[in-house]
Structure formats: structure tokens, C-alpha cells
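Single-letter residue listing:
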Amino acid sequence: MTEQFIYVTYIRTTPEKLWQALTDQTFVRQYWFGMTQECSWEKGAPWTLKFQDGKIADAGEVLEADPPRRLVLKWGHELIPELKQEGFSRCVMEIEANGELTKLTVTHSIDREGSKLIGSVSGGWPKILSSLKTLLETGAPLPVLASEATKMDEMRAKAAAH
Amino acid sequence: MSMDAVFKALADPTRRQLLDRLQAQNGQTLASLCDGMQMSRQAVAKHLSQLEAANLVAVQWHGREKLHFLNPVPINEIAERWIGKYERHRVQALHDLKTKLEGNSDD
């Protein structure tokens, strides 16, 4: 049984600019809770999601890259053992022009019922996508929320305790 | 994809109930969402299409099955628009208190 979430947002931008915002770290850092990704964005390339201090939170590889239309990542968690042991999830990002808007669909799934990994990313994606939309439409991201920073610290502390 | 459409879609108890059901179990067909609803299949389909037009429901085809998924992104955009970074902690604390005092009912 596959567990999955689908998130859709419509952004007043072009597919090219959206692709750049998803892959260029000067953009990513602004809307992804201050985290960055390391990747060459080519098929088969390793992918990591890192905290500001360089500690790796999630890692995987690029399964498909078709700029500016489709990006598929093999996505595993690295810090919390109970999430790590679930293995890899799959994150598909699809970009489609839709009149003056560009539609971004993020589908995150795993072949496991009641997945804690999917549960954990499901709360973060809506915030990331809202902030990405605001960044592209206004030039400024949503402020990194105090509560999010606290949550990140708790996650780090939990990981460090193991 | 206007905010008007989101508010209009959320202004109906049946549509909120459909979103609740998708939150409980994501990725359902029309037939499974109709199960237990006191209305015609056509009426449920119409409510779902309004939710889809407001981008509160995303659909995906699995072979011949059309699956419906809750899309919370527009609701997050509403929250971000009015809840400032300094108030969020307090709003969350009040929300947690309300949830605790009222049990799990969160209407």
C-alpha cells in the first residue's frame, strides 16, 4: 500500500523561473527553513538536504531531471532512526504552464502504510510551497517562523539523543 | 485560483466534511467518498469539483480510478496572510489549549 500526499500551488511566474527557484540554492535557502540542497540536478546525481551548519537531514538521488518540467528525487531521511529505517520515499515535482500562472505539483510517496517519514514531510511542504510562491511573486520569502525554528531544534535534539 | 474560491468552497459543511474524510484517509475515489453521505453521487461529485476548482482537492488517475487528495496549500496561504511571525506561537498555544479542553473536536 502506497502512502502519498499531493500538494498543488499556482504561482505567477514562468516554468523556467520556477525550476531555477527549486534548484538554485540562493533561492532554496530563502524558503526552505534556511536549509539548502546539494545536487548537480542530473539523472543519477546524489542529492542531500542540509541544515545551515552542514549536517545532512535527508539524502538520496535524482531519478529523473527534465528541466523545466519534471524532477524526481529518491528521498530518505538520515537523522531520526525510526524514519531512516523506512528507507526511500519518492518525491515528484511537476511544473506546467497554466495561462499566466505556473502550476507546481509535488507528489511525495512511499510504499509503506502509516509511514512516519511521509507524516513528517507532510506538514512541512505546505509551508515551503507558500513561502516559495511568496518569494517568486513578491521577491521576498515569508519570514522563517519562530515555531519552525523551534521544531527544527527539537528534531536536531532528538536526533542527537540517539 | 482566487482566495474567494477557497472561502466559498470552505463555507459549506458538506465540503468541509469531504475534506475531513480526505484528511482521515487520503486518496479516495468518488464511490468511497459517497459511502455514508446522505446525498446523491451527483451532489457529492459537484461538491468535489468545487473543491478541486478552489485547489483544495488535487486529483490523480490510477488506471481508470480517479483518486482525490486533500491539498492544504491554499489554507496555509490564508494562515500566512494574517498570522504574523510574532503571533503564531500564541495562536498555536491557544489552539492547543482549546483542543485539550474540548477533547479532539476541532470545529
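Residues numbered from 1 in each chain as written. Chains lettered and ligands numbered in written order. Predicted model: local features only at pLDDT ≥ 70, side-chain atom pairs only at ≥ 80, totals over all residues. Heavy atoms only, no water.

Here we come to the overall build of chain A. The helix and strand inventory of chain A stands at five helices and seven strands. N-terminal to C-terminal, the α/β element order of chain A is β-α-α-β-β-β-β-α-β-β-α-α. Within chain A, buried positions represent 52% of all 162 residues. Pairs at least 24 apart in sequence give 50% of the contacts found in chain A among residues at least 6 apart. Carbon and sulfur atoms provide 50% of the accessible area of chain A, an area that totals close to 7,600 Å². (Helix = DSSP H or I, 4+ residues; strand = E, 2+ residues; numbered from the N terminus. Buried < 20%, exposed > 50% of the residue type's maximum accessible area, 1.4 Å probe, protein only. Contact = heavy atoms within 4.5 Å. Areas by Shrake-Rupley, 256 points an atom, 1.4 Å probe, with all protein chains shown as cover.)

Turning next to the pattern of salt bridges. Residues and elements named next belong to chain A. For the coordinates displayed, the defined rule picks out 11 salt bridges over all chains. D66 serves as the salt-bridge partner of R69, at 3.4 Å between the closest nitrogen and oxygen. A single salt-bridge network, built from bridges that share partners, covers E64, R70, R90 and E94. (Salt bridge = Lys/Arg side-chain N within 4 Å of Asp/Glu carboxyl O.)

Turning our eyes to something else, we now look at the sheet that holds strand β2 (residues 36–38) of chain A. Residue and element names in this part refer to chain A. Pairing is antiparallel across the open sheet formed by seven strands, whose spatial order is β1-β7-β6-β5-β4-β3-β2. In this open sheet, the two strands that pair with only one neighbour each are β1 (3–11) and β2. Each strand axis lies, on average, 25° off the axis of its neighbour in the sheet, ignoring direction. As paired strands, strand β6 (residues 89–98) and strand β7 (residues 101–110) are joined by nine bridges and run antiparallel to one another. Across the sheet, residue E94 finds its bridge partner in β7, namely T105. (Pairing = 2+ DSSP bridges. Axes fitted to C-alpha atoms, helices over the stretch in contact; angles between N-to-C directions.)

What follows is about a nonpolar patch on the surface. Residue and element names in this part refer to chain B. Together, L94, L97 and L101 line one region of the surface with nonpolar side chains, adding up to about 350 Å² of accessible area. Mapped onto the secondary structure, L94 falls in helix α6 (residues 88–101). A residue is classified by how much of its surface remains accessible, and L94, at 59% relative accessible area, is exposed. (Patch = residues over 30% accessible without salt bridge, like charges linked within 9 Å, V, L, I, M, F, W, Y side chains within 5 Å.)

Let's shift gears to the confidence of the model for chain A. Considering every residue of chain A, the mean pLDDT works out to 89; 88% of them sit at 70 or more. The least confident element of chain A, judged by mean pLDDT, is helix α5 (residues 146–160) of chain A at 62; the most confident is strand β5 (residues 70–77) of chain A at 98. (pLDDT = per-residue confidence, 0-100.)

Let us now look at the packing of helix α2 (residues 13–24) of chain B against helix α4 (residues 41–53) of chain B. Residue and element names in this part refer to chain B. Orientation of α2 relative to α4, taken along the N-to-C sense of each, is 80°, at an axis distance of 10 Å. Considered as vectors, α2 and α4 are oriented roughly perpendicular to each other. Along its contact with α2, which presents T14, R15, L18 and L19, the element α4 presents V44, H47, L48, Q50 and L51. Taken together, the residues of the contact of α2 with α4 sort by class into five nonpolar, three polar and one charged. (Parallel < 35°, antiparallel > 145°, perpendicular 65-115°, else oblique. Nonpolar A, V, L, I, M, F, W, Y, C, P; charged D, E, K, R; others polar.)

The next point concerns the confidence of the model for chain B. Residue and element names in this part refer to chain B. When pLDDT is averaged along chain B, the result is 87, and 88% of the positions lie at 70 or above. Element-level pLDDT for chain B is lowest in α6, with a mean of 71, against a maximum mean of 97 in α4. Under the prediction, the complex receives an ipTM of 0.80, its pTM being 0.84.

The next subject is the nonpolar core. Taken as a class, soluble globular proteins show a tendency for nonpolar side chains to be buried jointly. Residues and elements named next belong to chain A. Counting residues in hydrophobic clusters, the biggest one holds 37 residues, and the most contacted among them are W32, W75, L104, W125 and L132. A per-element tally of this core places helix α4 (residues 116–138) first, with seven residues. Ignoring any residue separated from it by four or fewer positions in sequence, one finds W32 in contact with Q37, L49, W75, W125 and I128. (Core = buried A, V, L, I, M, F, W, Y, C linked by side-chain atoms within 4.5 Å.)

This part covers the side chain of S109 of chain A. Residue and element names in this part refer to chain A. With respect to the element layout, S109 can be found in strand β7. A residue is classified by how much of its surface remains accessible, and S109, at 13% relative accessible area, is buried. For S109, the contacting residues outside a window of four places in its chain are T2, E3, Q4, S89, R90 and I118.

With that out of the way, let us pick up the side chain of Q25 of chain A. Residues and elements named next belong to chain A. When you line up the elements, Q25 lands in helix α2 (residues 25–31). Here T23 takes part through its backbone oxygen, which lies 2.9 Å from a polar atom of the side chain of Q25. Within the structure, Q25 has its side chain in polar contact with the backbone nitrogen of Q37 (distance 2.7 Å). (Polar contact = N/O pair within 3.5 Å; in protein donor to acceptor, adjacent residues only side chain to side chain.)

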